[in-house]
Every structure is written in C-alpha cells, then in structure tokens.
2 protein chains.
Amino acid sequence: MTTTNHKFELASRPVGLPTRDNWHYAEAPVPEPADGEFLVKILYISLDPAMRGWMNEGKSYVPPVGIGEVMRALALGRVTASKNPAYAVGDTVTGPFGVQEYALSNGASVNKVPSVGIPLPVFLGTLGMTGMTAYFGLLEVGKPKAGDTVVVSSAAGAVGSVVGQIAKIKGCRVVGIAGSKEKCEYIVKELGFDKAIDYKTENVRKALHEACPKGMDVYFDNAGGEILEAALANLARGARIVICGAISQYNNTTPVKGPSNYLSLLVNRASMTGMVVFDYADRYREAAQEMAGWIAQGKLKTQEHVVDGIETFPESLLKLYNGENTGKLMLKVANP
Amino acid sequence: MTTTNHKFELASRPVGLPTRDNWHYAEAPVPEPADGEFLVKILYISLDPAMRGWMNEGKSYVPPVGIGEVMRALALGRVTASKNPAYAVGDTVTGPFGVQEYALSNGASVNKVPSVGIPLPVFLGTLGMTGMTAYFGLLEVGKPKAGDTVVVSSAAGAVGSVVGQIAKIKGCRVVGIAGSKEKCEYIVKELGFDKAIDYKTENVRKALHEACPKGMDVYFDNAGGEILEAALANLARGARIVICGAISQYNNTTPVKGPSNYLSLLVNRASMTGMVVFDYADRYREAAQEMAGWIAQGKLKTQEHVVDGIETFPESLLKLYNGENTGKLMLKVANP
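Residues numbered from 1 in each chain as written. Chains lettered and ligands numbered in written order. Predicted model: local features only at pLDDT ≥ 70, side-chain atom pairs only at ≥ 80, totals over all residues.

**Some details on the overall build of chain A**
Point 1. Of regular secondary structure, chain A possesses nine helices and 15 strands.
Point 2. By the compact-globule yardstick of 20 Å for 336 residues, chain A fits well, its C-alpha radius of gyration being 20 Å.
Point 3. With respect to the three principal axes, the spread of C-alpha positions in chain A is 60 × 45 × 35 Å.
Point 4. Looking at chain A as a whole, 51% of its 336 residues qualify as buried. (Helix = DSSP H or I, 4+ residues; strand = E, 2+ residues; numbered from the N terminus. Rg over C-alpha atoms; globule rule 2.2 N^0.38 Å. Buried ≥ 20, exposed ≤ 12 C-beta atoms within 10 Å, placed from the backbone.)

Laid out in structure tokens, this is it:
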C-alpha cells in the first residue's frame, strides 16, 4: 500500500489566471485517522470555476484557502481506514477532501455514494454540487413556469447543461449560450435545447433578441460580463436573473465589469438574485433522488470531462476558464 | 378668464443635463373640451427625476416624449369646463396633465382629490406618485420586517423621505443617505431616521459599514452609481435591494456605471429588483388611505418644495439633479 500522499498547496495568490508558480506540489506520509476520523483514498477530484474565488484573499461565502494549505476541492473516494463508526472501510464517499491523494475526515459535509449502477463521476457532477446548483438555482430562484423562455450561459458546462435540461423537463423553451460550434451542436442535438448561441462568433445581444422575441423569463448566469449585459437587454416583464457565477470575470486583473444596463431591471420589473448551493444542503437528498430518476428515464444526460492524473491539476483547472471542457471537469486520481 | 395656455414643449433631446435650449415655451389658445373631455386649470406641476428619462429616445417603461410634444408631467388642477359626466366643474383632480397651464383630459389616469383638510400639494407628493412609489417599493419589493436595517438613498427627497418614515412605522432601524448637513439633520431630527450619512463629505462605504454593523436587510436605491456600490458592499445575508431609480446616472454623457461588485448578490444570497409604481395602480386608493391615516396621526410628515411660476420650469427641474430640493419638488402655476 502506498504510504505517500501527494497534494497541491496554495503557494501564492494569483493575479489573473493561476499559474504553476501559485502551487506547491508537496508530498507527505499518508496520515493515520485519529478517533472519530477516517481516511479516504481519493479517486476523482472535482474542478470547479468557484475554485478561483477561493484562492483570493478576503471575505466571500467561504473563507479563502490559506497560503500553504491544501487546495480546497470536492472529491470522491473510498474509505481505507476508519476510527469513525459511521464510516466503514470500503464505503464510497464525497466530501471536501482537497486536491490530494489521501484525506482525513471527521464526516463533516461528507455524503455516502449509494451503489445504484450510476457511474461514480456522476456523483461529482449531475448528482453532486454542480447538479444541485443547477437544480436549486433554476427551480428555487429562477422559478420557471411551463412555457417560459429560459436562457442559460456556459450552457455546455457542468451547471449550464443541467439547468437547460431541467428547464426542458419543466416545459420551458430553452436557449443556451456556449463558446464553440461543437458545444452549440452538443446542447441542441444531444441535450435537446431549442436553440444555441455561439458567443465567440455571434453578437449575443442581437442573437438573443432573435431567439427570444418576447424576451427571456429566466436567465441563469454563469458568465457575467458582456453576456450578462446582453441578457439584461433582452428581459421579459418580470424576468428572474439567477446569479450563479461570473466565470468571465474571475481572472480579471482589472475590476469586475458591472452590468451598465442594470436599470433594465427597473424597466422590466425584473430581479437579479444570487444563490449559493450550500443553503439547500438539507434538500440535496431529495434533489438527487429526483435527478437520478430523470437520468434513469433518459430525460437528463450527464457528461463528465475526466482528465487523468493529479499532477495535471494546475493546467487542468485552466480548462474551465479557457472554455476547454464540455460537461463536468474532474481529475481522475486513482482507479476505482 | 385667461384665454391663453402657456406650455413647455420638448424642442430637442438633451445630452447630459437639460438646458433651456431643449425646451420651447409655447403659447396657444386654451382648448375647448370635446364630448367626453374636460378642461383642467393646472395649479401645481410635479417635478420628478424620472422626467429626465422620458426625454430620451428609446424604449423604456413608458414611450419617450416626442419632439414638439408638451412635456409629460403629473399635475394637480381644477376642472373648469366639462363634457364628461364623471367630472364636474370645481372638481380637484390629479393626472398626467403636462407642463402647461391648461390641459384637456378624457379621464385616463386621473384621480379626484378628496376634500379632507390635507393641503393640495400633498396629493402630488406623499399621497401622489412619489408616496405610492415609496409605499409599494418598500413594502412589496423590499419586504421589511420589524427589526430589519433599512437604508435609503436620496433620503431627503420625495420618495426617500417617505420610505424611511414608513420603515420606521414598520419597526425598522433606518439609515438615510443624503447630500448635505441640513438634509442629514432634517431626516434625523424631523423625520426620525436613526442615522444619516452625508455622501458629499463622508466615505459612504465606510460610513455604511459603521452604521450597519450587521449589514443592511433592505436597501432602497434612488441613486445608483457609487452609492449603489457602497450599498452592495454592505449587504446582510438575504438582503433585498429595491431599484427605484438612479438619479446620479440620468444625466450621464458616458454609459451608466454598472455596479462592479454586483457579485455581492451571490455572496449574500441577495436580490436586486426593479419596480415601477404604475403596476400597483389598482391599490393606490388603499395605500393613500393608510398613508393619510399616518399623516393624521403625525407618524408621517410631508414636505413639499414649491417653486412659483411655470416659466421657471427648465431651471427648477435641475434642482432635482443638483440636489437642491428637500421633499417633493413642484411648481405652483396658479392660485388654488
């Protein structure tokens, strides 16, 4: 059995896109669980746009990762040693285990993964935090009604692809904004979106105007920046904008661009509301059950973009900000 | 009886602050009502920040005023001739009568002013559109609960002064942002606000942080620009921002400044919602009755800033944008 744990620690705070210099790839002995703890051998590590925010100093919805600390990450692994009666060797679990090969846990924010014939990576994606974000952000904040026009940005990403599919399940007309011809084809042909807009080649404001002649009732924003402005320019009366993220702005070296046409909220009696998925933790189980049902019925397709090797972490993370992933990006760290 | 009607027509669309050149001061014979119409002799004309927006080309919540048309304005007057059985000579009415001495109306958007011992100007202010805006914007969109911290900008203005007083009536802690020492004293000493911040001499972000150590639960924005950013930097979890206006931005010759820290909505699970008072038209009567009760009980103080003479309109309007008014600004056009 391996006795060395490899891990990525935050070495310095990035300015703009993180580089390898911002990380320290460290090794240490695999730790032993103390009473109440268990050891997890990590199989998959979730890479998420929010990680960039966790690297910044300053107050946010979670504290920043400290310099010298293991980078925060959600991950999936197997319990290989346990001094916690609630977790047995062999259990498969997800939790905030960090960018490393082995993690100790006391069970905080840990969920057991059931054996239900669904591939493990799905539990970090559609049935994990990104799926929960899509589910609660759309349904609880966006409040779509059948017949509504729902628009989502980063539509081929882990959250956006689920948002669009749930909106279809709820009887909405769905328009996705994505960053390549392939992604646009994917969301329309594979996922059943009604329409796709390629923000790299199209004038998004104009394209939205054509795609949503009556305006959009729900806009789920993962992008921020110019795409948010284009959306604000195309609201229907009473529209709900869900602020889930702003990936276009996370690596700015200049201040975030605020939407200069935010007064469209006034003209259209519209709202813009922020959401953080953790607020719905007591309902994750209910949502996962409903989504697992949709997956089983073929109504909800999942896609994972799996990169091999923990050592690729610094470069793999950048795929999110460069738009190189389709579906849920994650690292495979060990064989299940 | 006068047979000449003086009126201000929009001569050209302003860039930045409107100047006298943007207006044509015209005269014409006083018109005769046709069947279904009545003639109103105007006594008071309401001057409102929104007027600047009506002068711009382009779609908003109401169509722009056309070049050569009488400037849109709410006004209060007496019926002096009528061919409409619902309105009798001598009735006092408010309605969208325009910046002129006499107006024809068919009764659209007209309300009769009851004889209840309340001074007439109040029906263009606290019991008129600005009071309705404060009432519905605060209560229906801001949804304050007793004990909440409520912050309002343009706090000595027609809307802000009513927002703050209603919030006090509802048991909230109220902080007002205003633009002079005198206004700050007025809202605290006369209107009972808990605290005032002078945005011309204080760092608003820092002052809000001190005045609202737990963050603000409701922010009622009439200002936009840097004051909105300062507010976004001081939200409590679940805060509601009411977007009522953005007077700091209406005369921009550069694009509106969007709030660069709008992602504070995400961090704080907060919302920013636009409101237009017309949506509550079927409840104006109910609101006016409740507010008239508060006025009678001395809980709600009204203040009108009355300027004499229709011919002062171009310069009087600018008082709003220069922060020279305290309370509801209006023109007195004729003696009641």
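Read on, since the account is not over.
**What to know about the interface of chain B and chain A**
Point 1. With 26 residues of chain B at the interface, the matching set in chain A holds 26 residues.
Point 2. Those elements giving two or more residues to the side of chain B that touches chain A turn out to be α7 (264-267) and β13 (271-274) of chain B.
Point 3. Top contributing element to the side of chain B that touches chain A by residue count: β13(B), with four residues.
Point 4. Residue composition of the side of chain B that touches chain A, by class: 15 nonpolar, eight polar and three charged.
Point 5. Summarising the sheet, strand β13 (residues 271-274) of chain A and β13(B) pair through three bridges and their orientation is antiparallel. By the bridge assignment for β13(B), A:Met272 is matched with B:Met272. (Contact = placed C-beta atoms within 7 Å. Nonpolar A, V, L, I, M, F, W, Y, C, P; charged D, E, K, R; others polar. Pairing = 2+ DSSP bridges.)

**Section: the environment of B:Gly238**
All names here are of chain B.
Point 1. Relative to the helices and strands, Gly-238 resides in strand β12 (residues 235-243).
Point 2. Considering only alpha carbons, one finds Gly-238 and Ala-270, 32 residues apart in sequence, at a separation of 4.5 Å.
Point 3. Beyond its immediate stretch of four places on either side in the chain, Gly-238 contacts Arg-269 and Ala-270.

**So, the sheet that holds β13(A)**
Point 1. Strand order in the open sheet formed by twelve strands is β10(A)-β9(A)-β8(A)-β11(A)-β12(A)-β13(A)-β13(B)-β12(B)-β11(B)-β8(B)-β9(B)-β10(B), and the pairing between neighbours is mixed. Strand pairing shows two members of the sheet lacking a second neighbour, β10 (195-198) of chain A together with β10 (195-198) of chain B, which therefore form its edges. Direction aside, neighbouring strands of the sheet carry axes that sit 15° apart on average.
Point 2. In this fold helix α2 (residues 129-142) of chain A packs onto β11 (216-221), β12 (235-243) and β13 of chain A, with an angle of close to 140° to the strand it touches most, β12(A).
Point 3. In the packing of helix α3 (residues 158-169) of chain A onto the sheet, the strands contacted are β8 (149-152), β9 (173-178) and β11 of chain A, and the crossing angle to β9(A) comes to about 170°. (Axes fitted to C-alpha atoms, helices over the stretch in contact; angles between N-to-C directions.)

**With respect to the relation of the copies chain B and chain A**
Point 1. At an RMSD of 0.0 Å, chain B and chain A line up after a rotation of 180° and a shift of 0.0 Å along the axis. Taken together, these values place the two copies in the relation of a two-fold axis. Identified as the residue of chain B closest to the rotation axis by C-alpha distance is B:Gly258, at 2.2 Å.
Point 2. A share of 100% of the interface residues of chain B reappears at the interface of chain A, consistent with the copies meeting face to face through the same patch. (Least-squares fit on C-alpha atoms with pLDDT ≥ 70 in both.)

**Considering the domain arrangement of chain A**
Residue and element names in this part refer to chain A.
Point 1. Along its sequence, chain A is carved into domain 1 (4-124 + 303-332) and domain 2 (129-278).
Point 2. Computed over C-alpha atoms only, the centres of domain 1 and domain 2 are separated by 28 Å.
Point 3. In this complex, domain 1 contributes 17 residues to the contact, which on the side of domain 2 involves 15 residues.
Point 4. Contributing elements (two or more residues each) for the side of domain 1 that touches domain 2: α1 (50-54) and β15 (328-332).
Point 5. The greatest single-element share of the side of domain 1 that touches domain 2, amounting to three residues, is contributed by α1.
Point 6. Here the residues of the side of domain 1 that touches domain 2 are counted per class, giving eight nonpolar, seven polar and two charged. (Domains from an automatic or database assignment.)

**Quick look at the pairing of β15(A)**
All names here are of chain A.
Point 1. Of all five residues making up β15, four are buried, and the element is well covered by its neighbours.
Point 2. Sheet topology note: the strand β3 (residues 38-46)/β15 ladder contains three bridges and is antiparallel. Across the sheet, residue Ile-45 finds its bridge partner in β15, namely Leu-331.
Point 3. Both strand β14 (residues 304-308) and β15 contribute to a ladder of five bridges, which runs parallel. Note that in β15 the partner of Val-307 across the bridge is Leu-331.
Point 4. As a crossover connection, the stretch from β14 through helix α9 (residues 313-321) into β15 is right-handed. (Right-handed = clockwise from strand over helix to strand, strands pointing away.)

**Focus: the nonpolar core**
Point 1. Residues A:Ile45, A:Val151, A:Ala231, B:Ile45, B:Val151 and B:Ala231 are the most contacted members of the largest nonpolar core, which totals 208 residues.
Point 2. When neighbours within four sequence positions are excluded, B:Ala231 is seen to be in contact with B:Val151, B:Leu208, B:Met216, B:Tyr219, B:Asp221 and B:Ile241. (Core = buried A, V, L, I, M, F, W, Y, C linked by C-beta atoms within 7 Å.)

**Here's the deal with unusual backbone geometry**
The phi torsion of most residues other than glycine is negative, and most of the peptide bonds are trans.
Point 1. Its identity as a non-glycine residue notwithstanding, A:Ser154 has a phi of 45°, on the positive side.
Point 2. Residue placement: A:Ser154 occurs in the loop between β8 and α3.
Point 3. Assessed through the 29 C-beta atoms surrounding it within 10 Å, A:Ser154 is described here as buried.
Point 4. Despite not being glycine, B:Ser109 has its phi angle at roughly 60°, a positive value.
Point 5. Here B:Ser109 is to be found in the loop between β6 (102-105) and β7 (111-112).

**Focus on the environment of A:Ala281**
Residue and element names in this part refer to chain A.
Point 1. When you line up the elements, Ala-281 lands in the loop between β13 and α8 (284-296).
Point 2. A residue is classified by how many C-beta atoms lie within 10 Å of it, and Ala-281, with 12 of them, is exposed.
Point 3. With 152 residues separating them along the chain, Ala-281 and Met-129 place their C-alpha atoms 9.7 Å apart.

**Regarding the environment of B:Ala146**
Point 1. Residue placement: B:Ala146 occurs in the loop between α2 (129-142) and β8 (149-152).
Point 2. Take B:Ala146: there are 8 C-beta atoms within 10 Å of it, and that puts it in the exposed class.

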